Amino acid sequence: SLPIRLADYRAPAWRVERVELDFELGIDATEVTAKLLLRRDPAQHAPLRLDGENLELLAIALDGQPLPATAYRTIEGGLEVDGARDGSVLETRVRVLPAANTALEGLYLSGPRETGFLLTQCEAQGFRHITYFPDRPDVQSSYTVTLRADRARFPVLLAGGNPDGAGELPGGRHWARFADPHPRPSYLFALVAGRLEKIERDYRTADGRDVQLKIWAEADAIASCHYAMDALERSMRWDEQAYGRNYDLDVFHVVATHDFNMGAMENKGLNIFNTKCLLADPDSSTDDEYRRVEAVVAHEYFHNWSGNRVTCRDWFQLSLKEGFTVFREQSFSADMNSAPLKRIEDVALLRRAQFPEDAGPLAHPVRPAEYREINNFYTATVYEKGAELVRMLAGRLGAEGFRRGTDLYFSRNDGRAATIEDFLAALGEANGIDLTPYLAWYGQAGTPRLKAHGEYDAARREYALTLAQYTPPGAGQPHKQALPIPVKLALFGADGRMLPLHLDGQTAATEAVVVLTEAEQHFVFRDVAERPVPSLLRGFSAPVILECDYTPAELALLLGHDPDGFNRWEAGQQLALRACDALRDDADPQAVAAWCDALAALFDDAQLDAALLADLLTPPGEIELAERESVVDPARIHALRQQLQRRLAARIGGGKLDARYRALAAQSTAALDAASQASRRLKQRVLHLLALLDPASACDHAATQYRDAPGMTDRLGALAVLARHDGVRGTESLAHYRARYANDPLALDKWFALQAQLPGEGALARVQALEADPAFTLKNPNRARALLGTFASGNPTGFHRADGAGYRLYAERLLALDALNPQIAARLATAFNGWQRLEPRRREAAHAVLATLSAHDGLSRNLAEILGNMLK
Ligand code: HT7
Ligand code: ZN
């Protein structure tokens, strides 16, 4: 297929002002009648073309007259109709087959055919699997939706919008109608029908609207929806206060399904969630999962304004809604929990997921210039880097200026399909600032390198900081331009205190932001009393890779003293990288000692937040370590990281680790408050370090912890230690867990994922054995991701076996998955990212597998595009 290009964008020749949809719902076959009120752009003369895929056309009429076969024709991916005029009404009736839909796009069945329920997923282009329509986000229409179905089989009928009538029909059937007053694009359409239970809450918006909040799930899951309801209410309140945004319908439905390609979907008035991102209860959810539920509930809710009321003109603008909404969720989560911990978590994710993407064959700008399959562009770059760009803009404008800007953006673009330019224009105009230089960030792929070098002139009491930027060529962009890079900074004295800053005659307090706009610039600080240690890029003020010629002692000073929790962690991460280099090259023992000594001191600091300490005690992950190597040997990196952690454990000492573990274990509760979560996090980290030093005693603790765990965080943490370090008790506990959670799909996913991550030679055979477990299936995306996705992306030594057997098994499964669900196959295939930098034996094995796979006949467009890019 040919690529679709941003540069080719044309406004639609035909719009749909109103749409009436009628569904005769059935598990095997559903009939959909659509009546479209058409509007023609008088300036264009293109024929009426509607998108449609896998539809069986049963009837077609224009302005009330059935159309003869000569007046319409099916074309590649759609339908062309003659004779339509401005104001014409086109009526089509089609048949779709929900139970046969394994791609989970369009209308499909969740669960077994006897008991499961029907639902839809339309973003990005699923609506064309439901009816013929101009399926593009710049066509916004008013929807009226009528659902008809057998009452016993489908007691609950839901669609987005306000309820607009319901009643009985002959033969045990019933109907329900929904009308949405807000025009919207087709990708936000949704319906749900089946046997579902609900919990409800009344909510009054700040502007006085009474809203019914309803969360729906299958009977065995509904009791786990209360936390999501609380999170929803918190999100609604927060958006009123932080952005002045109120909810705008009388009902807000949320539905949970086990069968979903992504985390959740913001359909207007009817959000649909993967159970993994909605259900939470202490017995089966970890602390991290609780936080994720809160974050995803907020994210989807926030889309009601950033995405739904103001939508995207085309899919190239995806980050307009996704980057902004991720940023909004990050700010919300920071307010609800700990701001530094949230920042650490998000930056770690960016480095783990987005930096490798931006450095490899799948690199693309936050606003890509072209794509073949839009579903492949729901990426860490569009989401996470996109959020970082919004963060830079928000930082540039300050809190009040940013709010002025978003107010103008929402009011000016309400009901419109907007572009990134519209976003920058509103933010800029509301503040009298030209933000167009930031547009370059949206169009340029690759992570900029920021080089920093400081010179202190004691005689002049001046500190000159030279900043230089460089982005390596890539993604079809041989010459990268300089970008505006805001660098938030502070200077520290040798005693660990921040020095006052005097820059260009201005006196700031102790923190300032300088913006690098050229390839290289100098910033001179005056009146600097001593040679300072700079703390740069505070709060990760720009998504770049900082290269600064710190000594280990300077990093240790920041790690020990920076009052900013994020930068303290960052100094520790940089020092850990240096320590890793030192171990690898058998050099610079100072770096290892500096890292271990600084952390050993912090370990004894009773004032330090337990969760922050846990993060400080965690060195960068194997993926991040691999990113810095020109030739990657995953086994070596794994060994190196283990060695580094062992050195840390030894430096702290087994006695201290053991004592700390016991103290933390003695406080163990199931409570979810921040302090209890922090103490569990630290306990797990300490147990992990102890296991590297003294596996037998760590496993004794783990066995007790597994047995007595008051909640899933402790249970799963203990299981992980036993599974790694104790053959007998590991096997026993895994079997115990398997039986205990036999009927809990999300808990079983964790069981599969935990084992898929166990490192070493035995990993592949273990994965194969797990595939034979009766609970394993490729048809459920969560299950496939838990076992295969975790193996490929979370088990470097297992997947990257030198003999290539890991790659071969994985490729076979990708092929099988592709026939069922191309979106999932394509996403899992990205685990091969970075294969070109593998050491020669693994690289050849990976290349052979990728080449064979990509030569296969009948691959989906999704998988073919990923493999094609990977092999470019
Ligand atoms: N906006 C949603 C995207 C999404 C999606 C995209 C492709 C295929 C399936 C999908 N399900 C949900 C999710 C979000 O960012 O909120
Ligand atoms: Zn989103």
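Residues numbered from 1 in each chain as written. Chains lettered and ligands numbered in written order. Predicted model: local features only at pLDDT ≥ 70, side-chain atom pairs only at ≥ 80, totals over all residues.

Some words on the overall build of the protein chain
Okay, step 1: Regarding its fold elements, the protein chain presents 26 helices and 33 strands.
Okay, step 2: Considered along the principal axes of its C-alpha atoms, the protein chain spans approximately 90 × 65 × 55 Å.
Okay, step 3: A total of 872 residues make up the protein chain; the buried ones form 51% of that total.
Okay, step 4: The long-range share in the protein chain, meaning contacts at least 24 apart out of those at least 6 apart in sequence, stands at 69%. (Helix = DSSP H or I, 4+ residues; strand = E, 2+ residues; numbered from the N terminus. Buried ≥ 20, exposed ≤ 12 C-beta atoms within 10 Å, placed from the backbone. Contact = placed C-beta atoms within 7 Å.)

Notes on unusual backbone geometry
If a residue is not glycine, its phi is most likely negative; likewise, a peptide bond is most likely trans.
Okay, step 1: Here the amide bond leading from Glu-123 into Ala-124 is cis, since omega sits at 0°, within 30 degrees of zero.
Okay, step 2: Structurally, Ala-124 can be placed in the loop between strand 11 (117-121) and strand 12 (140-150).
Okay, step 3: Backbone geometry places Asp-63, a non-glycine residue, at a positive phi of 45°.
Okay, step 4: Among the structural elements, Asp-63 can be located in the loop between strand 5 (56-62) and strand 6 (65-66).
Okay, step 5: Residue Arg-461 is not a glycine yet carries a positive backbone phi of 50°.

Brief notes about the sheet that holds strand 8 (residues 78-81)
Okay, step 1: Strands sit in the order 4-8-7 across an open sheet of three strands; the sheet is antiparallel. Each of the sheet's edge strands pairs with one partner strand only, and the pair in question is strand 4 (48-51) and strand 7 (72-75). Adjacent strand axes in the sheet meet at a mean angle of 25° when their direction is disregarded.
Okay, step 2: Pairing analysis gives four bridges linking strand 7 to strand 8, with the strands arranged antiparallel. Within strand 8, the position partnered with Ile-75 by the bridge is Gly-78. (Pairing = 2+ DSSP bridges. Axes fitted to C-alpha atoms, helices over the stretch in contact; angles between N-to-C directions.)

Some thoughts on the domain arrangement of the protein chain
Okay, step 1: Looking at the assigned domains, one finds that the protein chain contains domain 1 (1-100 + 120-187), domain 2 (311-443), domain 3 (449-542) and domain 4 (745-872).
Okay, step 2: Computed from C-alpha atoms alone, the centre-to-centre distance between domain 1 and domain 2 is 31 Å.
Okay, step 3: Each partner contributes to the interface: domain 1 provides 14 residues, whereas domain 2 provides 14 residues.
Okay, step 4: Of all the secondary-structure elements, those providing two or more residues to the side of domain 1 that touches domain 2 are strand 1 (4-5) and strand 15 (173-185).
Okay, step 5: Each residue belonging to the side of domain 1 that touches domain 2 can be placed in one class, and the counts come to eight nonpolar, three polar and three charged. (Domains from an automatic or database assignment. Nonpolar A, V, L, I, M, F, W, Y, C, P; charged D, E, K, R; others polar.)

With respect to the nonpolar core
Okay, step 1: With 260 residues, the main nonpolar core has Leu-147, Val-192, Ala-193, Ala-228, Val-293, Leu-575 and Trp-595 as its most contacted residues.
Okay, step 2: Among the elements that line this core, the one with the most residues is helix 5 (residues 380-413), at ten residues. (Core = buried A, V, L, I, M, F, W, Y, C linked by C-beta atoms within 7 Å.)

Let's talk about the site of ligand 1
Okay, step 1: As a structural note, the neighbourhood of ligand 1 is formed by 15 residues, with Glu-123, Asn-261, Met-262, Met-265 and Tyr-378 the closest of them.
Okay, step 2: For the shell around ligand 1, the secondary-structure elements that each account for two or more residues are strand 20 (264-265) and helix 2 (287-302).
Okay, step 3: When residues are assigned to domains, the shell around ligand 1 turns out to be shared by domain 1 (1-100 + 120-187) and domain 2 (311-443), each giving three or more. (Near = placed C-beta within 6 Å.)

Regarding the sheet that holds strand 16 (residues 191-194)
Okay, step 1: Taken together, the four strands give an open sheet; going across it, the order is 10-11-16-13, and neighbouring strands pair in antiparallel fashion. Pairing within the sheet leaves two strands with one partner each, and these edge strands are strand 10 (106-110) and strand 13 (156-159). Neighbour-to-neighbour, the strand axes of the sheet open up by a mean angle of 15°, direction not taken into account.
Okay, step 2: Two elements, strand 10 and strand 11, share five bridges in a ladder whose sense is antiparallel.

Let's talk about the UniProt feature "domain: Peptidase M1 alanyl aminopeptidase C-terminal" (unreviewed entry) in the protein chain
Okay, step 1: Taking the UniProt record as the reference, the feature "domain: Peptidase M1 alanyl aminopeptidase C-terminal" (unreviewed entry) is found at residues 553-871.
Okay, step 2: Helix makes up 76% of residues 553-871 and strand 0%. Its end C-alpha atoms lie 43 Å apart. (UniProt positions renumbered as here; feature names shortened; annotations may be inferred.)

Looking at helix 18 (residues 727-740)
Okay, step 1: The first and last C-alpha atoms of helix 18 sit 20 Å apart over 14 residues, in line with the 20 Å expected at 1.5 Å per residue.
Okay, step 2: Among the residues of helix 18, Arg-729, Gly-730, Ser-733 and Tyr-737 are the ones counted as buried. Viewed along the axis of helix 18, the buried residues span an arc of 105°, placing them on a single side of the element. When the buried face of helix 18 is taken as reference, the exposed residues oriented beyond 90 degrees from it are Gly-727, Val-728, Thr-731, Ala-735 and Ala-739.
Okay, step 3: Packing partners of the buried residues in helix 18 comprise helix 16 (695-708), helix 17 (712-725) and helix 19 (745-756). (Expected span 1.5 Å × (residues − 1). Arc of directions from axis to C-beta.)

With respect to the confidence of the model for the protein chain
Okay, step 1: Residue-level pLDDT values for the protein chain average 97, and 100% of them are 70 or greater.
Okay, step 2: Reported for the predicted complex are a pTM of 0.99 and an ipTM of 0.98. (pLDDT = per-residue confidence, 0-100.)

Details of the environment of Thr-146
Okay, step 1: Within the secondary structure, Thr-146 sits in strand 12.
Okay, step 2: A residue is classified by how many C-beta atoms lie within 10 Å of it, and Thr-146, with 20 of them, is buried.
Okay, step 3: As a C-alpha pair, Thr-146 and Glu-294 span 148 residues in sequence and 32 Å in three-dimensional space.

Considering the pairing of strand 16
Okay, step 1: Of the two faces of strand 16, the one carrying Leu-191 and Ala-193 and the one carrying Val-192 and Gly-194 are both buried.
Okay, step 2: Relative to strand 16, strand 11 runs antiparallel, the two being bridged by two bridges. Looking at strand 16, one finds that Leu-118 is bridged to Ala-193.
Okay, step 3: One ladder, built from four bridges, connects strand 13 with strand 16; its direction is antiparallel. Each residue of the ladder has a partner; that of Leu-157, found in strand 16, is Ala-193.

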